[in-house]
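Observations on the model geometry
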Amino acid sequence: MSEDSKQAEAVEEKPYKPTSPSTKLNFDGFWDYDDAPQSADHVEYKDQYELFIGGEFVAPEKDRYFDSLNPATEEKLTSFGEATQQDIDKAVKSARKAFDKSWSTLEPKERGKYIFRLARLIQERAREFAVLESMDGGKPIRESRDVDVPLAAAHFFYYAGWADKLDYAFPGKKAKPLGVAGQIIPWNFPLLMLAWKIAPALATGNTVVLKPAETTSLTALKFAELCQDAGLPDGVVNIVTGAGQTGSAIVNHDDIDKIAFTGSTEVGKIIKKSLAGTDKRYTLELGGKGPNIIFEDAPLDQAVEGIVNAIFFNQGHVCCAGSRLFVQEGIADTVVQKLRDRMETLIVGDPLDKNTDIGAINSEQQYNKINEYLEIGVNEGAEMYQSSCKIPETGYFCRPTLFTNVGQSNRIVQEEIFGPVLTVQTFRTAEEGIEKANNTPYGLAGGVWTDKGSKIFKTGSEIRNGVVWSNTYNKFDPTSPFGGYKESGEGREGGLQGLYPYVNLQ
Amino acid sequence: MSDRIEVLKTYKTYAGGNFPRTESGRYYKVYDGNDNILANACQCSRKDLRDAVVAARNAQKGWNGRSAYNRGQILYRIAEMLETRKAQFIEELETIGYKTKKAKAEVEASIDRLIYYAGWSDKYQQVFGTINPVSSSHFNFSMPEPMGVVNVWAPEERPLLGLVSVMAPVIVGGNTCVILASEKYPLSAISFAEVLNSSDVPGGVVNILTGFRDELLEHMTTHKDVNAFFYTDPNIVQEQRKQIDENATLNLKRVRRKPVEDWESEEAQSPYYITDFQETKTTWHPVGL
Amino acid sequence: MSALTKNNFILKISEITKTVPIDEVGVEERVARLNSRSIKKESKVQALKLALSMIDLTTLEGMDTPGKVIQLCQKAKEPHAALPDLPTVAAVCVYPNMVPVAKKALRGTNINVASVATAFPSGMSTLDAKLEETQQVVEDGADEVDMVISRGEFLKGNYSYVYDEIVAVKEACGDAHLKVILETGELQTYENVRKASDLAMHAGADFIKTSTGKVKPAATQPVTLVMLEAIRDYFYDTGRMVGMKPAGGIRKAKQAIQYLVLVKETLGTDWLTPEYFRFGASSLTNDLLMQIVKQQTGVYQGVEYFSND
């Protein structure tokens, strides 16, 4: 090699590749945790669920049903009615009638009390909901028990209190309900997303027609039972099950005043387009490719934990997942070494086992998509590292995965994978880190890790994301607004700001 | 005594703090109230739009980086400059058929509107920002942040008040904008650009083009480096409205339509015009030793 | 001596004691997550026995007598007569004047004698007196020495004093293992705990230990996690394995198992041995025994069925 080409190589920018560590920790060994399955004995669910319209369960007009699988076993769990145009008509009519006749004429404080009831009913039956959520969707019981279900209850509790205080939320204006809200939610946090949608809609005096995702409809229909138990007036909440066509029938229904959608950017754009030229209001919570920026002065061990929470929470099926890791060059090896060690302790397996950290990938389709991206990453020249954990033989499971030696233009860096797959890049200056973080059409959420307060504020204000987690990641709270910049969506859910999409200001 | 020959004004566009002619070399005729030709206005092309968006994007970070107090002062300065040129604007409105009283009312309302929004510059954050009492050990707050670059169709009818009413809330919140002036009455807008230019408004914060809506609609609403589109037309044809919405899906552009009928009414100003062009950013941080 | 080598470079005290940022909320969240591990069935029995084998059975009271120490040594040798094949505890930990008693009582066993030294628990004495005390307990047969650091000097930033003192005591220990007590309850912040851990390890500690048991709070899981992470980083840097001993306030089997989970998931299984992990405790022993019997018989146990020494 000539001296010149050596020099050329020296200045050429290379993607980050970790050096191999000289000392290694050993996580194998003699003390493995035995199975600790959450008992599902007390949990009841039906073999088949009809649609929930006008306060009762009714068979779909075409009498068609589709199966829902437990993704951890690939076995059928139950089946759901497929709602078609006629069913949606019926649901919207019942929601409209409830809006006109009961819900909008009810005293706001009484409206609030119904919502408080729902919160309490979820709390009372929390364990049951958690188990069902894990069986239906594949998420670890630790998360459905500690995150999804308590947060769902908290959402209802929070918004219940708003019902009779809307005059204080919008200075100088009177808030009026919109009417009937059509709501379409994803499969990653089924009950929690239902709560995010229904709680503010009801608190502001709207009625709803909600469609859960076709792979995870179970807890929504269990929630319908709670609506009955709570004595909620008929038609205030309607739940219709089905896939894309059912959703499309809701989006395009003439008598719906507002669409709230959480899902992919691709579908979000289709919905936005469908609504073009109409007076329907809408909120969209879409995809993301969250940057997680680690500065060299960060609390590293907590940052590593934050990285794990950012990308491996809920199998990485999180729109705000921190899927792009940016580490300042001087600490890259240290961080990757710590991260690999930490990944070795992640337990992948039975969602109902209390020790499981990463459960089942939600569906075969998603499982295939993630595996395709793993292949793409390898073909793009990235280096793949996966933890050595055991995974079950049946069911859709994916090892936590790390890609180094990646470039900004790689597809695995650009596209949302929605799985436990992290890419690692380095940066030298804060400016470079921020620039790379912003170099994406998405803008949902991101993390910043540094011990320096002023750097937190500077970086936080320059990254174009709706949520900035500084020295933490993937935290949620009903009081805290959530939603994206750019192609990650429009509008906010949660907090006072989350009321706005459901009211007309006069 | 011989009549003095009047020096006529050439109406150009305003982009990046300069007054370029349209790159296309095209013009269209602007008439007064009696169908007499008043001036030739630039018939801007998509390339003029492209350049204006670049100017707006380049200016956005710096503009947002100014203190709220400073932005308020600059808006106030625009009002001051407009006040000193009141007579000119009244006269200009008269040429297009305004009665003096109405012209005066419009100019004065425009000045007052600028001051209204100047005063909001460091307050809307306080009214619409929140501290969120999350249940974990974190400090959590939400603040409005500008969307970025906003393309605007100024109202067709009120050439000055309409323009000021759509511009002020957009820029006071740290956005920059490209405004397409009233097609029929573009002259006040260009004269207003001269006011902007003498009012400490950094170049590129407000860019004003003249030309045809039908021609520029496509690019104003599809441009992928534009974050929002703002228009007001109460009588827009359905087909065009749909097209605007559809084009906006390309990059999830936020579309805001305010079909205001009377720009002197109360409904024509409120802090909600500012927040319409703000994103909410929520920040979390642990609380510990 | 105020320097140590790392990768052949001389490290200054200021580098060893560089502040490592630690976020309190993050540490506590991590502990909460580790605490959510559910240890059942055989893995629980294994853990209970392992914890038993890691105990430094301790009595450190002004009213200790030879009789009390001898009883404790009996317990150490045979924790529960009804279960003959249980492991013994790792060591018996006593005040210096009780070392000969303990040594004699434990003769012929694998159980070590540990002695606190260096003006335990305050450490408020001269270096000479501390060294003399250390030499004495080693001469009397102590296999392990539990020293305290000079917290006053540490908190006022006199790190080289603390460092030199540890180095000197380590030298005085000879072949005996040195455990360095940081007294984390007096160090105020996790960053200080980390700094003191780094200082102690670089100065030659074989173990780092949380507390004397005389100051509250004594051992906590977040503090232990911070120390385990310090041990891990030191291992990454030097390849040397340093042991960990939380002491004080660990009374229940459930807590002990939580500590074991912390070790397993922070340092890996190589540390899950009495050679590298100890509990400074006394009443923990009986709770572990009760749980072991419960696991074997399925019957919840009563305290009166276990000897209280």
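This structure is a prediction, so every number in the text was calculated from the model and none was measured.

Here we come to the overall build of chain B. The number of helices and strands found in chain B is 10 helices and 10 strands. Since a compact globule built from 289 residues should have a radius of gyration of about 19 Å, the 20 Å found for chain B is in line with a globular shape. Principal-axis analysis of the C-alpha atoms places the extent of chain B at approximately 85 × 40 × 30 Å. Each of the 289 residues in chain B was classed as buried or not, and the buried ones make up 58%. Long-range pairs, those at least 24 residues apart, make up 79% of the contacts in chain B between residues at least 6 apart in sequence. Approximately 12,200 Å² of chain B is accessible, and the part contributed by carbon and sulfur atoms is 49%. A gap of 5 Å separates the mean positions of the 34 positive and 37 negative side-chain charges of chain B.

Turning next to a nonpolar patch on the surface. The grouping of Ile-131, Phe-139 and Val-287 of chain B at the surface amounts to a nonpolar patch, some 300 Å² of accessible area in total. The residue Val-287 of chain B is located in the segment after strand 10 (278–286) in this model.

Before going further, it helps to examine the interface of chain B and chain A. Taken together, the contacts link 40 residues of chain B with 44 residues of chain A. Together, the buried faces of chain B and chain A total about 3,300 Å²; carbon and sulfur atoms form 51% of this surface. Counting the surface chain B buries against chain A, the share from its top three residues, Leu-252, Tyr-272 and Trp-284 of chain B, is 22%. Inspection of the chain B/chain A interface yields four salt bridges.

Now for the sheet that holds strand 4 (residues 65–70) of chain A. Residue and element names in this part refer to chain A. Across the sheet, three strands lie side by side as 1-5-4; this open sheet has mixed pairing. Where the open sheet ends on each side, the last strands, each with one partner, are strand 1 (48–49) and strand 4. Note: strand 4 against strand 5 (residues 75–81), six bridges, orientation antiparallel. Counterpart to Asn-70 in the pairing with strand 5 is Glu-75.

In this section: the pattern of salt bridges. A side chain with one charge can pair with a side chain of the opposite charge if their charged atoms come near. Throughout the structure, instances matching the rule amount to 76 salt bridges over all chains. Here the salt bridges do not stand alone but share partners, grouping Arg-142, Glu-143, Glu-305, Arg-342 and Asp-357 of chain A together with Arg-30, Arg-33, Arg-37 and Glu-265 of chain C into one network.

This next bit is on the domain arrangement of chain A. Note on interface size: it is often stated as the accessible area lost on association of the parts. All names here are of chain A. Taken domain by domain, chain A holds domain 1 (48–286 + 486–505) and domain 2 (288–470). A straight line from the C-alpha centre of domain 1 to that of domain 2 covers 30 Å. Each partner contributes residues to the interface: domain 1 has 29 residues there, and domain 2 has 34 residues. In this assembly, domain 1 packs against domain 2 so that about 2,500 Å² is buried in total across both faces, 56% of it on carbon and sulfur atoms.

Here the focus is the interface of chain C and chain A. Taken together, the contact between chain C and chain A spans 39 residues of the former and 38 residues of the latter. Both faces combined, the contact of chain C with chain A buries some 3,300 Å², and carbon together with sulfur accounts for 48% of it. It is Arg-33, Arg-37 and Tyr-236 of chain C that lose the most area in chain C upon contact with chain A, and together they represent 23% of the buried surface on that side. Taken together, the links from chain C to chain A amount to seven salt bridges. Between Lys-338 of chain A and Asp-233 of chain C there is a salt bridge; the shortest N-O distance is 2.8 Å. In this assembly, chain C and chain A are joined by 21 residue pairs in polar contact (both at pLDDT 80 or more).

Attention shifts here to the nonpolar core. What tends to happen in soluble globular proteins is that the nonpolar side chains get buried as a cluster. Ranked by internal contacts, the top residues of the largest apolar core, which has 179 residues, are Phe-156 and Phe-223 of chain A together with Phe-192 and Ile-208 of chain B. The element contributing the most residues to this core is helix 6 (residues 190–203) of chain A, with 11 residues. Those residues in contact with Phe-223 of chain A that sit more than four places away from it in its chain are Leu-118, Ile-122, Phe-129, Phe-156, Leu-191, Leu-194, Ile-198, Val-237 and Ile-239 of chain A. With 103 residues, the next largest nonpolar core counts Ile-39, Leu-52, Ala-76 and Phe-235 of chain C among its residues.

Residue and element names in this part refer to chain A. Taken as a whole and judged by the stated rule, the model has 35 aromatic pairs over all chains. Between Trp-103 and Tyr-114, the aromatic rings sit 5.9 Å apart at their centres with planes inclined by 45°, giving tilted as the arrangement. Of this pair, Trp-103 sits in helix 2 (residues 85–103) while Tyr-114 sits in helix 3 (residues 108–124), and the two are 11 residues apart along the sequence. Exposure class is identical for Trp-103 and Tyr-114. Each is buried.

What follows concerns helix 6 of chain A. Every α-helix carries 3.6 residues per turn, so stepping three or four residues along brings you back to the same face. Residue and element names in this part refer to chain A. For helix 6, with 14 residues, the first-to-last C-alpha span of 20 Å sits near the 20 Å given by 1.5 Å per residue. Of all 14 residues in helix 6, 14 are buried, a share of seventy percent or more. One or two positions beyond helix 6, positive phi appears at Gly-205, with a value near 95°.

Residue and element names in this part refer to chain C. At their nearest, the axes of helix 3 (residues 41–53) and helix 11 (residues 253–266) sit 10 Å apart, and the two run at 95° to each other. Judged by the angle between their axes, helix 3 and helix 11 are roughly perpendicular. For the pair formed by helix 3 and helix 11, the contact residues are Lys-44, Ala-47, Leu-48, Leu-50 and Ala-51 on the first element and Ala-253, Ala-256, Ile-257 and Leu-260 on the second. Considering only residue class, the contact of helix 3 with helix 11 consists of eight nonpolar, no polar and one charged.

Another aspect to go through is the sheet that holds strand 3 (residues 55–58) of chain C. All names here are of chain C. As summarised here, the arrangement of the eight strands in space is 9-8-7-6-5-4-3-10, forming an open sheet in which the pairing is parallel. The two strands at the open ends of the sheet, each matched to only one other strand, are strand 9 (243–245) and strand 10 (279–281). Direction aside, the axes of adjacent strands within the sheet are offset by 25° on average. Sheet topology note: the strand 7 (residues 177–181)/strand 8 (residues 207–209) ladder contains three bridges and is parallel. Counterpart to Ile-181 in the pairing with strand 8 is Lys-209.

Calculation criteria
- Residues numbered from 1 in each chain as written.
- Chains lettered and ligands numbered in written order.
- Predicted model: local features only at pLDDT ≥ 70, side-chain atom pairs only at ≥ 80, totals over all residues.
- Heavy atoms only, no water.
- Helix = DSSP H or I, 4+ residues; strand = E, 2+ residues; numbered from the N terminus.
- Rg over C-alpha atoms; globule rule 2.2 N^0.38 Å.
- Buried < 20%, exposed > 50% of the residue type's maximum accessible area, 1.4 Å probe, protein only.
- Contact = heavy atoms within 4.5 Å.
- Areas by Shrake-Rupley, 256 points an atom, 1.4 Å probe, with all protein chains shown as cover.
- Lys, Arg positive; Asp, Glu negative; His and termini not counted.
- Charge placed at Lys NZ, Arg CZ, Asp CG, Glu CD.
- Patch = residues over 30% accessible without salt bridge, like charges linked within 9 Å, V, L, I, M, F, W, Y side chains within 5 Å.
- Salt bridge = Lys/Arg side-chain N within 4 Å of Asp/Glu carboxyl O.
- Buried area = accessible area lost by both parts, 1.4 Å probe.
- Pairing = 2+ DSSP bridges.
- Domains from an automatic or database assignment.
- Polar contact = N/O pair within 3.5 Å; in protein donor to acceptor, adjacent residues only side chain to side chain.
- Core = buried A, V, L, I, M, F, W, Y, C linked by side-chain atoms within 4.5 Å.
- Phe/Tyr/Trp six-rings, centres within 6.5 Å; stacked < 30°, edge-to-face > 60°.
- Expected span 1.5 Å × (residues − 1).
- Axes fitted to C-alpha atoms, helices over the stretch in contact; angles between N-to-C directions.
- Parallel < 35°, antiparallel > 145°, perpendicular 65-115°, else oblique.
- Nonpolar A, V, L, I, M, F, W, Y, C, P; charged D, E, K, R; others polar.

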